[in-house]
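Summary of the model geometry
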Amino acid sequence: MGTESRVPRPPEVLADRQAIEATVTRLGREISARHRDGLVIVAVLKGSLLFVSDLVRSLTVQPVVEFLAISRYEPDSGRVRILKDLDLDVTGRDVVLVEDIVDTGLTLGFLLGELGRRSPASLEVCTLLDKRVRRILPAPLAYVGFEVPDVFVLGYGLDFAGRYRNLDMLVTADAVALTADPDAYVDQLYRSHGARGPG
Ligand code: IMP
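My aim in this report is to walk through the structure given alongside it, one point at a time. (Residues numbered from 1 in each chain as written. Predicted model: local features only at pLDDT ≥ 70, side-chain atom pairs only at ≥ 80, totals over all residues. Heavy atoms only, no water.)

Glycine aside, residues mostly have negative phi, and peptide bonds are mostly found in the trans state. A cis amide bond, omega 5 degrees, links Leu-45 with the succeeding residue Lys-46. Inspection of the secondary structure assignment puts Lys-46 in the loop between strand S2 (39-45) and helix H2 (49-58). For Tyr-164, which is not glycine, the phi torsion reads 75 degrees and is therefore positive. Relative to the assigned elements, Tyr-164 resides in the loop between strand S8 (152-154) and strand S9 (170-173). (Helix = DSSP H or I, 4+ residues; strand = E, 2+ residues; numbered from the N terminus.)

Below, the structure is given as structure tokens:
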């Protein structure tokens, strides 16, 4: 007892490439309509990597693209450390902060406080995924891709222990199985689902 490995719940596709493309196009249109004079996109690394690269291509206005790299001290603590700060002074600029997923809202709360202190002309949030059932801190989200239930999501930039970011779709995963074995989904996601794999 206790030695046999648990079979991970199979991943389910939350959004395939087509659904992602349609959503990113919609978000690009919404952001462009509100920022006709341009804007500063602040992408939070690493989760927003794929999302922001598609999002900026869907804009019909000119963005300046900046990156913020952060690390969490502890999950769900909201204590965040900035590993790489912006290269640009955003004082007086229109800023859209781009996140992969807003879960408890604690990370976003920290980032909004941090950027707000720099006195941008405006500060809005665009998130690919909104897991609002888990919210602890209210999150002002101007642009939302998909609302998701309380499930663990992988792919299209979202990882578990650094894995699965390059999947060309969003899938739900069994977090217990991943905690026991971070590679639990490699076979299923990189072979049988036809996703683009590490090659
Ligand atoms: P929050 O501070 O609880 O809102 O957490 C936001 C961060 O937690 C995201 O930027 C992700 O890095 C991570 N996260 C939360 N939920 C998921 C998930 O379902 N999959 C992958 N990462 C997640």
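On to helix H3 (residues 106-116). Taken residue by residue, H3 has Leu-106, Thr-107, Leu-108, Leu-111, Leu-112, Glu-114 and Leu-115 as its buried positions. Packed against the buried residues of H3 are S2, strand S3 (63-72), strand S4 (80-84), strand S5 (94-102) and strand S6 (122-130). (Buried < 20%, exposed > 50% of the residue type's maximum accessible area, 1.4 Å probe, protein only. Contact = heavy atoms within 4.5 Å.)

Right, let's get into the pattern of salt bridges. One pass over the full model with this rule turns up 16 salt bridges. With its nearest N and O atoms 2.7 Å apart, the salt bridge here joins Asp-103 to Arg-134. Note that Asp-103 is positioned in the loop between S5 and H3 and Arg-134 in the loop between S6 and strand S7 (143-147), a separation of 31 residues in sequence. On the basis of relative accessible area, Arg-134 is assigned to the partly exposed category, the value being 27%. We note a salt bridge from Asp-130 to Arg-132, for which the minimum N-O separation is 2.8 Å. When its relative accessible area of 1% is taken as the criterion, Asp-130 is described as buried. (Salt bridge = Lys/Arg side-chain N within 4 Å of Asp/Glu carboxyl O.)

So, about the pairing of S5. Of all nine residues in S5, eight are buried, a share of seventy percent or more. Crossover handedness for the path S5 to H3 to S6: right-handed. (Right-handed = clockwise from strand over helix to strand, strands pointing away.)

For the rest of this paragraph, the subject is the environment of Leu-39. Tracing the chain through its elements places Leu-39 in strand S2. Put simply, Leu-39 and Arg-93 are 54 residues apart on the chain and 7.0 Å apart in space, counted from C-alpha to C-alpha. Leave out the neighbours within four places in its chain, and Leu-39 touches Ile-31, Leu-59, Val-61, Gln-62, Pro-63, Val-64, Asp-94 and Val-96.

With that settled, consider the environment of Val-148. Tracing the backbone through its elements, the reader meets Val-148 in the loop between S7 and S8. Taking C-alpha positions, Val-148 is 16 Å from Ile-136, a pair spaced twelve residues apart along the chain. If we skip the residues at most four places from it in the chain, Val-148 touches Leu-14, Ile-101, Leu-129, Asp-130, Lys-131 and Arg-132.

Contact geometry of helix H1 (residues 17-34) with H2 gives a least axis separation of 8 Å together with a crossing angle of 55 degrees. The orientation of H1 with respect to H2, classified from their angle, is oblique. Where H1 crosses over H2, the handedness of that crossing is right-handed. From H1, Arg-17, Val-24, Thr-25, Leu-27, Gly-28, Ile-31 and Ser-32 reach across to H2, where they touch Phe-51, Asp-54, Leu-55 and Ser-58. For the contact of H1 with H2, the class distribution of residues is five nonpolar, four polar and two charged. (Axes fitted to C-alpha atoms, helices over the stretch in contact; angles between N-to-C directions. Parallel < 35°, antiparallel > 145°, perpendicular 65-115°, else oblique. Left-handed = near helix turned anticlockwise from the far one by under 90°. Nonpolar A, V, L, I, M, F, W, Y, C, P; charged D, E, K, R; others polar.)

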